[in-house]
Amino acid sequence: MTDRDHYTPGPASGAQIRKDGERWTLVLVRELRHPPEKVWQALTDPVHLREWAPFDADGSLGTAGTSVKLTTVGAPTPHVTETEVRRADAPNILEYGWGGNDMRWELEDFGGGTRLTLWHNIDRRFISMGAAGWHICFDVLERLLGGTPIGRMVGPAAMKFGGWQRLHAEYAKQFGVETPNWPPQATQKP
C-alpha cells in the first residue's frame, strides 16, 4: 500500500465565502508546517505545481508581468488560460487569473510555518466543489512539502474519490448551497 492508499481528508474546515451579488469568492486558509519561501516555490514553480495543483503552468508564476499558460488538468476538453501574473511579492503575495477567475495567494509566517490563504473568485454553483478540490490539493501540497508525496488528485479523478464527495457535501452544508449530484458515483474507502 502507498501513502495515497491511506489518505483520507479531514473534515471541511478553513473555508468561507464572500458574496458580492452574483460574484462569489471562496476564501481558504491552511496552516502548513513549512516556511513561506518553500511554500512560495511550490506555488510558482511549474515542476512543483505539476505535483499538486489543478493546472499545469508553462512557466514560473513568480514574476509580476510574466505571461504564463495554465492548462487545467483532467478537463474533458483542453482548457488553456493565458494569464499575466499581476503581483508577485515573494514570498508573501501572488495574484493572477485562471479560467476567467481571480486568484490571490497570501503567505504569512506563522510559528515557523506558513498560514496560506487563497482567495478564488468562483461561480456560486461550483463553490462547494471548488472548496472540496482545493482542500484535497492543500493536503497533497502539505505532504509534498513534507517529503511524503501522494500524487496529484484533481479534476474528475478527484471527484470519484469518496473523500471528495464527503467534503463536497460538508462544504455545501457549511455554505448553505445545494450540491449537484455529479459525479454520480464515488469510490468509497472501506
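Above this text sits the structure in question.
What you are looking at is a predicted structure, and each value in this text was computed from that prediction instead of being measured. (Residues numbered from 1 in each chain as written. Predicted model: local features only at pLDDT ≥ 70, side-chain atom pairs only at ≥ 80, totals over all residues. Heavy atoms only, no water.)

**Q** Hey, could you run me through the pairing of strand β9 (residues 113-122) in this one?
**A** Side-chain positions along a regular strand alternate between the two faces of the sheet. Burial runs high along β9: 8 of the 10 residues are buried. In this sheet, β9 lies alongside strand β2 (residues 23-32) in antiparallel orientation, the contact comprising 9 bridges. In the sheet register, Val29 faces β9, and the bridge partner there is Thr117. Summarising the sheet, strand β8 (residues 101-110) and β9 pair through 8 bridges and their orientation is antiparallel. Directly across from Phe110, in β9, lies its bridge partner Gly113. A loop of 2 residues connects β8 with β9, the two strands running antiparallel in sequence, and Gly111 in this loop sits at a positive phi of about 55°. (Buried < 20%, exposed > 50% of the residue type's maximum accessible area, 1.4 Å probe, protein only. Helix = DSSP H or I, 4+ residues; strand = E, 2+ residues; numbered from the N terminus. Pairing = 2+ DSSP bridges.)

**Q** What should I look at first to understand the pattern of salt bridges in this one?
**A** Side-chain pairing between opposite charges can occur once the charged atoms of the two side chains come close. Counted under the stated rule, the structure contains 12 salt bridges. Asp102 is the salt-bridge partner of Arg86, the closest N and O atoms lying 3.0 Å from each other. Taken together, the residues Arg86 in the loop between β5 (80-84) and β6 (87-89) and Asp102 in strand β8 connect sequence positions 16 residues apart. The network of salt bridges with shared partners includes Arg23, Arg86 and Asp102. (Salt bridge = Lys/Arg side-chain N within 4 Å of Asp/Glu carboxyl O.)

**Q** What should I look at first to understand the pairing of β2 in this one?
**A** Counting buried positions along β2 gives 7 out of 10 residues, so the element sits mostly inside the fold. Across 6 bridges, strand β1 (residues 15-20) lies against β2 in antiparallel orientation. What sits directly across from Arg18, in β2, is Thr25. Linkage of β1 to β2, two consecutive antiparallel strands, is achieved through a turn of 2 residues, within which Gly21 is found at a positive phi near 65°.

**Q** Could you clarify how one ought to interpret helix α3 (residues 127-145) in this entry?
**A** Three- or four-residue spacings in an α-helix give side chains the same orientation, since the helix completes a turn every 3.6 residues. Taking 1.5 Å of rise per residue, the 19 residues of α3 would be expected to cover 27 Å, and the 26 Å separating its terminal C-alpha atoms lies within 8% of that figure. Where α3 terminates, the next one or two residues include Gly147, which has phi positive at roughly 85°. (Expected span 1.5 Å × (residues − 1).)

**Q** Where do I start with the nonpolar core in this structure?
**A** Soluble, globular proteins show a tendency: their nonpolar side chains are buried together. Leu26, Trp52, Trp105 and Trp134 are the most contacted members of the largest nonpolar core, which has 55 residues in total. Discounting residues that sit within four places of it in the chain, Trp134 has contacts with Leu26, Leu28, Trp52, Pro54, Phe55, Trp98, Met103, Trp105, Leu118 and His120. (Core = buried A, V, L, I, M, F, W, Y, C linked by side-chain atoms within 4.5 Å. Contact = heavy atoms within 4.5 Å.)

**Q** I tried to follow the packing of aromatic side chains on my own but got confused; where do I start?
**A** For any pair of aromatic rings, geometry is given as the distance between the ring centres together with the angle between the planes. Under the defined criterion, the tally for this structure stands at 10 aromatic pairs. A ring pair is formed by Trp52 and Trp105, whose centres lie 6.1 Å apart and whose planes are at 85°; its orientation type is edge-to-face. One end of the pair, Trp52, is in helix α2 (residues 46-52); the other, Trp105, is in strand β8, and 53 residues separate them in sequence. Here Trp52 falls in the buried class, since its relative accessible area comes to 1%. Between Phe55 and Tyr96 the ring centres are 6.3 Å apart and the planes differ by 85°, which places this aromatic pair in the edge-to-face class. One end of the pair, Phe55, is in strand β3 (residues 55-57); the other, Tyr96, is in strand β7 (residues 93-98), with 41 residues separating them in the sequence. You'll find Phe55 and Tyr96 in the same group, each marked buried. Ring pairs connect the aromatic residues Trp52, Phe55, Tyr96, Trp98, Trp105, Trp134 and Phe138, which therefore count as one cluster. (Phe/Tyr/Trp six-rings, centres within 6.5 Å; stacked < 30°, edge-to-face > 60°.)

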